[in-house]
Amino acid sequence: FVLYFVDSVFQCKHTNAVKLAKTGIFDLVYTYSKPDAEKYGYLYYPTPYSKINNLPQNTIKGIYFCGTEKGRTELLKDIAAQCKKLGIIYNFDVEGNPDNTNRYFKIREGNIKKYTDVVKDTVSYNCILDLTQESLDGSKPGLSLRVYEAFVYDRVLITNNPLIKKFKYYNPKTMHYIKNASDIKKEWVVDRVKNDYHNQFSPLNLAKDIEKRLKL
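None of these values were measured; they are calculated from a predicted model.

Participant: Describe the nonpolar core, and please don't skip the residues or the numbers.
Facilitator: Counting residues in each nonpolar core, the largest one holds 24 residues, and the members touching the most others are Ile63, Leu76, Ile79, Phe92, Leu129 and Ile158. Listing elements by their share of this core, those giving two or more residues are strand 4 (60-68), helix 3 (73-86), strand 5 (89-95), strand 7 (125-130) and strand 8 (156-159). The leading source of residues in this core is helix 3, at four residues. Every residue in contact with Phe92, bar those within four places of it in the chain, is listed here: Ile63, Phe65, Leu76, Ile79, Ala80, Phe105, Lys106 and Leu129. One finds Leu55, Val123, Val147 and Tyr197 within the second-largest nonpolar core, a separate group that totals 19 residues.

Participant: Explain a nonpolar patch on the surface to me, and be specific about the residues and the numbers.
Facilitator: Taken together, the side chains of Phe1, Leu20 and Ile25 make up a nonpolar region of the molecular surface, amounting to roughly 300 Å² of accessible area. Position of Leu20 among the secondary structure elements: in helix 1 (residues 15-22). Its relative accessible area of 42% is what places Leu20 among the partly exposed residues.

Participant: Help me get a handle on the sheet that holds strand 2 (residues 28-31), residues and values and all.
Facilitator: Pairing is parallel across the open sheet formed by three strands, whose spatial order is 1-2-3. What marks the edges here is a single partner per strand, and that holds for strand 1 (2-5) and strand 3 (43-44). Those strands touched by helix 6 (residues 203-214) are strand 1, strand 2 and strand 3, and its axis lies near 145 degrees from that of strand 2.

Participant: How would you explain the packing of aromatic side chains if you had to name every residue and give the values?
Facilitator: Tallying each qualifying case throughout the model produces 21 aromatic pairs. Geometrically, the ring pair formed by Tyr49 and Tyr115 is edge-to-face, given 6.3 Å between the ring centres and 75 degrees between the ring planes. Note that Tyr49 is positioned in the loop between strand 3 and strand 4 and Tyr115 in helix 4 (residues 115-122), a separation of 66 residues in sequence. Each residue in the set Tyr148, Phe151, Phe167, Tyr169, Tyr197 and Phe201 is aromatic and connected to the rest through ring pairs, giving one cluster.

Participant: Describe the pairing of strand 7, naming the residues involved and giving the relevant values.
Facilitator: Burial of strand 7 is extensive: six of the six residues sit out of reach of the surface. Both strand 4 and strand 7 contribute to a ladder of three bridges, which runs parallel. Counted as the bridge partner of Ile63 is Cys127 from strand 7. The pairing of strand 7 with strand 8 spans four bridges and is parallel. Within strand 8, the position partnered with Cys127 by the bridge is Val156.

Participant: Lay out the packing of helix 4 against helix 5 (residues 145-152) with the relevant residues and their values.
Facilitator: The geometry of helix 4 relative to helix 5 is characterised by a closest axis approach of 12 Å and an angle of 55 degrees between their N-to-C directions. Here helix 4 is positioned oblique relative to helix 5, judged by the angle of their axes. Considering only the axes of helix 4 and helix 5, their crossing is right-handed. Residue-level contacts link Tyr115, Val118, Val119 and Thr122 of helix 4 to Leu145, Arg146 and Glu149 of helix 5.

Participant: With reference to specific residues and values, describe helix 3.
Facilitator: In a regular helix each residue adds 1.5 Å, so 14 residues correspond to 20 Å; helix 3 covers 20 Å between its end C-alpha atoms and thus fits that length. Thr73, Leu76, Ile79, Ala80, Gln82 and Cys83 are the residues of helix 3 that are buried. Next to the buried residues of helix 3 lie strand 4, strand 5, strand 6 (107-108) and strand 7. Just downstream of helix 3 lies Gly87, where phi reads positive at about 75 degrees.

Participant: Run through the pattern of salt bridges, naming residues and quoting values.
Facilitator: Applying the stated rule across the entire model yields seven salt bridges. Here Asp93 ties to Arg108 by a salt bridge, and the two come within 2.6 Å at their closest N and O atoms. A residue pair is termed long-range when its members are at least 10 positions apart, and Asp93 in strand 5 and Arg108 in strand 6 qualify at 15 residues. A relative accessible area of 13% places Asp93 in the buried class. Sharing partners across several salt bridges, the network here consists of Asp93, Arg108, Lys113 and Asp121.

Reading the values: the criteria
- Residues numbered from 1 in each chain as written.
- Predicted model: local features only at pLDDT ≥ 70, side-chain atom pairs only at ≥ 80, totals over all residues.
- Heavy atoms only, no water.
- Core = buried A, V, L, I, M, F, W, Y, C linked by side-chain atoms within 4.5 Å.
- Buried < 20%, exposed > 50% of the residue type's maximum accessible area, 1.4 Å probe, protein only.
- Helix = DSSP H or I, 4+ residues; strand = E, 2+ residues; numbered from the N terminus.
- Contact = heavy atoms within 4.5 Å.
- Patch = residues over 30% accessible without salt bridge, like charges linked within 9 Å, V, L, I, M, F, W, Y side chains within 5 Å.
- Areas by Shrake-Rupley, 256 points an atom, 1.4 Å probe, with all protein chains shown as cover.
- Salt bridge = Lys/Arg side-chain N within 4 Å of Asp/Glu carboxyl O.
- Pairing = 2+ DSSP bridges.
- Axes fitted to C-alpha atoms, helices over the stretch in contact; angles between N-to-C directions.
- Phe/Tyr/Trp six-rings, centres within 6.5 Å; stacked < 30°, edge-to-face > 60°.
- Parallel < 35°, antiparallel > 145°, perpendicular 65-115°, else oblique.
- Left-handed = near helix turned anticlockwise from the far one by under 90°.
- Expected span 1.5 Å × (residues − 1).

Put into structure tokens, the structure is as follows:
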């Protein structure tokens, strides 16, 4: 009986799962987050990811972001302003309160996109923007799906998550860590990159790890 956290423990949706984990009912408890693994004694395992094939091949030299507001609107506006300053094309697909729509991008309400549609839109651009969400107590999130998408689909990554430098496949030439919007450089938005992806994140590898640990 195995539990795998695909999001940070500080997310309220995980309250019951955390309570159950404390009871010892699970044979194994995994998490995608190294900080959570260290804090709670869970097993760290990178997010399993199944590659989606037959996606559009034409790409725009620009930056794409998809996600909910979650306190990131001001940073997104700063990044949009930096993009305009540098002449970089960008598309921010933000879900949240439409009243917060601004001159840089629109915010849509209550329309969660299917993940396959998110990926199709994401790979239409050659650069993916990843912005973390911190908890009220300062807990740090693990690496998001954006990191895996960038690696799997050969895209440049821009992220404000310092954990990117501990990512097993971190490449400073194609994965750029920023502290603020002014760190972004136009030369980062380049042609499609080529990563060495050969199903390293396959869910089958997680199944094998479970079997090994439980000696099945």
